[in-house]
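# Coordinate inspection notes
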Amino acid sequence: TKLKVGLLFGGCSGEHEVSISSARAIAQALKSGENTNKYEVLPFYIQKNGIWQGVEIAQQVLAAGSPYLPTDEQQGKHNLWQFPSQASEIDVWFPILHGPNGEDGTVQGLLKLMQVPFVGTPALGSAVGMDKLAMKTAFAQAGLPQVKYIAVNRSQIYSNPCVFPKLCDEIEATLGYPCFVKPANLGSSVGIAKVRSRAQLETALDNAASYDRRLIVEAGVVAREVECAVLGNDQAKASVVGEITYTSDFYDYQTKYTAGQADLIIPASLPDAITTQIQEMAIKAFAAVDGAGLARVDFFYVEQTGEVLINEINTLPGFTTTSMYPQLWAATGIPFSELVDQLIQLALERKVNS
Ligand code: ATP
Ligand code: MG
Ligand code: MG
Ligand code: MG
């Protein structure tokens, strides 16, 4: 009998559309080649308002490739916890939700409660990986080099008596310009700004605070952007290293999701020692957040000094056919459909509660 895979996608996140694309690619891979005999895919869709939809609507969304919009009759309802009855049949979950409410441990906690195995990192590591402040603390503890940064809480921006000017003074004195202002818990560069002046800093902090209570401001580095994919549980492996190039100011949302704005170079042209160093750092970072299954780890390579700095880990990276994560594994010798198969096997290996 085939294993029933619950492909969970969509989600209350700015990366909802990306999740639909990722799920389309994974569903396709589970229905092709040797996977056909092993797996039966049952898609489940989380609307932007958090409501779960079962197989029928989920299949429509996959076919259309665009969101199912909340209906009028759903207005004001909080039936987030009414699962489609088909959920009880699932043998293993494959959540492919990106960003808040999906990549951050919330859904992982729920799947643990269901006592069904699931692909990817459990709640703790997902939450640590998503929150850039917690992540940086874990990385620092593991001895991983990173850019200088300052943690900011929303209350420092809107407090009375006003501590905001002092905060900006501290950022200017410690980090200088350009610096990057980010909401701590987001992805796809949403809410991120590169700032070059006091006025831009103030606007960026105010804007980032509309996304999250927790913010981070980082010193800007001039570096090549390289990424490494990790696959496995306690004995995880690292892929070849890929590079992202673009002509825009930084790798912002528009550059990420407008065709032709960025190029992925796989493998990146790097000295062997740097490649090895990046791969070792990727595995260290994965362990530092107690990752499981998969992650994409992003780095800055400062060519002038030969320095490699870790930027971040993404525990549920983009998974479309053209995304960096599956492409890195394809170049390492694991084609897309085999990658999906291995991820499910890794979930079963880990079982529940471990
Ligand atoms: P993802 O979609 O990979 O989850 P994210 O929203 O978590 O992205 P980051 O990876 O932290 O955001 O930053 C987005 C981009 O902003 C980087 O790829 C890089 O182009 C630029 N960037 C971020 N921080 C810095 C920095 N400290 N110095 C230079 N560039 C930076
Ligand atoms: Mg990220
Ligand atoms: Mg991300
Ligand atoms: Mg990133």
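Residues numbered from 1 in each chain as written. Chains lettered and ligands numbered in written order. Predicted model: local features only at pLDDT ≥ 70, side-chain atom pairs only at ≥ 80, totals over all residues. Heavy atoms only, no water.

### Structural notes on the coordination of the magnesium ion (ligand 2)
Note the cut-off: Metal coordination here is assigned from N, O and S atoms located within 2.8 Å of the ion, or within 3.2 Å for Na, K and Ca; omission of water means that sites may look incomplete. Here's how the labels work: a residue is buried when its accessible area is under 20% of the maximum for its type, exposed when over 50%, partly exposed in between, all with a 1.4 Å probe on protein chains only.
For the magnesium ion (ligand 2), every protein donor is listed as Glu312 (OE), Glu312 (OE) and Asn314 (OD1), and the spread of their distances is 2.0 to 2.5 Å. The distance between the magnesium ion (ligand 2) and the magnesium ion (ligand 3) comes to 3.2 Å, with Asn314 serving as a donor to both metals. Judged by relative accessible area, which is 11%, Asn314 ranks as buried.

### As for the coordination of the magnesium ion (ligand 4)
For a metal bound by four donors in tetrahedral geometry, the ideal donor-metal-donor angle is 109.5 degrees, whereas six donors in octahedral geometry ideally sit at 90 or 180 degrees. To be explicit about the condition: Only DSSP runs of H or I reaching four residues or more are called helices, and only runs of E reaching two or more are called strands; each is numbered from the N terminus.
On the protein side, the magnesium ion (ligand 4) has Asp298 (OD) and Glu312 (OE) as donor atoms, found 2.0 to 2.5 Å from it. Separation of the magnesium ion (ligand 4) from the magnesium ion (ligand 2) amounts to 4.0 Å, with Glu312 serving as a shared donor to the pair. Of this pair, Asp298 sits in strand β12 (residues 293-302) while Glu312 sits in strand β13 (residues 307-314), and the two are 14 residues apart along the sequence. Looking at Asp298, the relative accessible area reads 6%, which means it is buried. A relative accessible area of 11% means that Glu312 is categorised as buried.

### Some remarks on the sheet that holds β12
Quick note on the threshold: In this analysis, strands are considered paired if DSSP registers two or more bridges between them. Geometry is summarised by axes, namely lines fitted to C-alpha atoms with helices restricted to the contacting stretch, and by angles between N-to-C directions that run from 0 to 180 degrees.
Within the open sheet, the five strands sit side by side as β11-β10-β9-β12-β13. Their pairing is antiparallel. Bordering the open sheet on either side are β11 (262-265) and β13, each of which pairs with just one other strand. For this sheet, the mean inter-axis angle between neighbouring strands, taken without regard to orientation, is 30 degrees.

### Focus on the site of ligand 1
Put simply, the test is: The criterion for a residue being near a molecule or strand is simple. One of its heavy atoms has to lie within 4 Å of it. Here a polar contact is taken to be a pair of N or O atoms separated by no more than 3.5 Å, where protein atoms must pair a possible hydrogen donor with a possible acceptor and residues adjacent in sequence count only if both atoms sit in side chains. Calculation of accessible area relied on Shrake-Rupley with a 1.4 Å probe; when residues are assessed, cover is drawn exclusively from the protein chains displayed. Classification convention: Asp, Glu, Lys, Arg as charged; Ala, Val, Leu, Ile, Met, Phe, Trp, Tyr, Cys, Pro as nonpolar; all other residues, Gly among them, as polar. Here the limits of each domain have been adopted from an automatic or database domain assignment.
If you check the shell around ligand 1, you find 24 residues, and the closest are Lys132, Lys182, Ser189, Glu225 and Asn314. Val221 places a main-chain nitrogen or oxygen 3.0 Å from a nitrogen atom of ligand 1. Contact between ligand 1 and Asn314: an oxygen atom at 2.7 Å from a side-chain N or O atom of the residue. A total of 620 Å² of accessible area belongs to ligand 1 in isolation, and the protein chains cover 95% of it. Of all the elements in the fold, those that place two or more residues in the shell around ligand 1 are β6 (179-183), β8 (214-219), β12 and β13. Taken together, the residues of the shell around ligand 1 break down into 10 nonpolar, six polar and eight charged. Counting residues domain by domain, the shell around ligand 1 receives three or more from each of domain 2 (129-145 + 222-315) and domain 3 (149-219).

### Section: the pattern of salt bridges
Any two side chains of opposite charge can pair, given that their charged atoms come close. Inclusion rule: Counted as salt bridges are all cases of a side-chain nitrogen of Lys or Arg within 4 Å of a carboxyl oxygen of Asp or Glu.
Evaluated as defined, the whole model comprises 16 salt bridges. Residue Lys38 is joined to Asp341 by a salt bridge in which the shortest nitrogen-to-oxygen separation is 2.9 Å. Taken together, the residues Lys38 in helix α2 (residues 35-38) and Asp341 in helix α13 (residues 336-350) connect sequence positions 303 residues apart. Given the relative accessible area of 35%, Lys38 is considered partly exposed. The exposure class assigned to Asp341 is buried, which follows from its relative accessible area of 15%. Of the charged contacts, one joins Arg214 and Asp131 as a salt bridge, the two residues approaching to 2.7 Å between their closest N and O atoms. With Arg214 in strand β8 and Asp131 in the loop between α5 (123-130) and α6 (132-141), the pair connects residues that are 83 residues apart, well separated along the chain.

### Digging into the packing of aromatic side chains
For clarity, the threshold we go by: Stacked, edge-to-face and tilted are the three classes for Phe, Tyr and Trp ring pairs, Trp counted by its six-membered ring, which pair at centre distances within 6.5 Å; planes under 30 degrees apart are stacked, over 60 edge-to-face, the rest tilted.
Under the defined criterion, the tally for this structure stands at 10 aromatic pairs. Look at Tyr246 and Tyr251: their rings are 5.6 Å apart centre to centre, the planes differ by 5 degrees, and that puts the pair in the stacked class. Looking at Tyr246, the relative accessible area reads 24%, which means it is partly exposed. Residue Tyr251 is classed as buried on the basis of its relative accessible area of 16%. Centroid distance Phe319 to Phe336: 5.4 Å. Interplanar angle 85 degrees. Geometry classified as edge-to-face.

### Some details on the domain arrangement of the protein chain
Note: interface size is frequently given as the accessible area lost on complex formation between the parts. Selection criterion: Here a residue-residue contact requires only that any non-hydrogen atoms of the pair lie within 4.5 Å. Buried area is a sum: the accessible area each of two parts loses on coming together, probed at 1.4 Å, counted once for each and added.
As assigned here, the protein chain comprises domain 1 (3-119), domain 2 (129-145 + 222-315) and domain 3 (149-219). Here the C-alpha centroids of domain 2 and domain 3 sit 23 Å apart. Across the contact, 15 residues belong to domain 2 and 19 residues belong to domain 3. Looking at the side of domain 2 facing domain 3, the largest losses of area belong to Lys132, Leu133 and Phe250, adding up to 42% of the total buried there. Those elements giving two or more residues to the side of domain 2 that touches domain 3 turn out to be α6 and α10 (253-257).

### Focus: the side chain of Ser189
Along the chain, the position of Ser189 falls in the loop between β6 and β7 (193-195). Within the local environment of Ser189, its side chain forms a polar contact with the backbone oxygen of Tyr251, the two atoms lying 2.7 Å apart. Apart from residues no more than four positions distant in its own chain, Ser189 is found in contact with Tyr251, Asp252, Tyr253 and Lys256.

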